[in-house]
Amino acid sequence: MSDNEQQQQPAPGGGKVLEALARAERKVFTRPTPKSAKSQVKFLLTRAKGSTKALAERLGVSRRTVERYRAGQLTTPQKRLQAALVEETESEWQPQVRAHARERAATSSGMMVDVTAHFGFTCKGSSDDGRERTITTAISPTYAKQILELQEAGATDEDLHPIVAEAITESYFTDWGTRAAGLRADFTDVQSIEFRF
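Conventions and cut-offs
Residues numbered from 1 in each chain as written. Predicted model: local features only at pLDDT ≥ 70, side-chain atom pairs only at ≥ 80, totals over all residues. Heavy atoms only, no water. Helix = DSSP H or I, 4+ residues; strand = E, 2+ residues; numbered from the N terminus. Buried < 20%, exposed > 50% of the residue type's maximum accessible area, 1.4 Å probe, protein only. Core = buried A, V, L, I, M, F, W, Y, C linked by side-chain atoms within 4.5 Å. Contact = heavy atoms within 4.5 Å.

**Notes on the environment of Y69**
Item 1. Positionally, Y69 belongs in helix α5 (residues 63-71).
Item 2. Given the relative accessible area of 1%, Y69 is considered buried.
Item 3. In this structure, the C-alpha to C-alpha distance between Y69 and Q40, residues 29 residues apart in sequence, is 9.1 Å.

Take a look at the structure:
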């Protein structure tokens, strides 16, 4: 492995909400993604219009390293490079399928969310003390659109928490506005979260 590969720091992680949105997109793929480093590099080179320089910069490795993987001279990447190859391949894989699923979620079907987190409440009158809950509920297309737009705009997990909490409040706690008027739920300490288109 080159010195450049060994000195690269791992890419910063997104956060539980952003990672859950990325996993939801991967679940809509209609074909499996390339698995070997060689096939991933070849695919990513097609997306980079054949530019080994652009792909090397994207992956944080040298051009020569990209060329070696493309030629099959190297086959087993280090963990950081392997993670970058998987992430970049999945982010470019089947863009039309992902776009269609996102459009459908934002306009008609919404999304489902499964979340285990600490929920706290504010409302007029008395309220339950906050506690950890596991909730599975639908998110309306209106909120799905806002969440997906924020994700595309580069929002952080902290930016997404209030809108996800508002969406859960609407569907789960206030039953689409038919009860508990004025209730507002916030969540923290997310243990797990999954979205489904």
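**Regarding the nonpolar core**
Item 1. Residues V115, F119 and F195 are the most contacted members of the largest nonpolar core, which totals 32 residues.
Item 2. Those elements that place two or more of their residues in this core are α2 (16-26), β1 (111-122), β2 (131-139), α8 (141-152), α9 (157-173) and β3 (184-196).
Item 3. Every residue in contact with F195, bar those within four places of it in the chain, is listed here: V17, A20, L21, A24, M111, M112, V113, I139 and V164.
Item 4. If you look at the next biggest cluster of nonpolar residues, it comprises 16 residues, including A37, A56, Y69 and A84.

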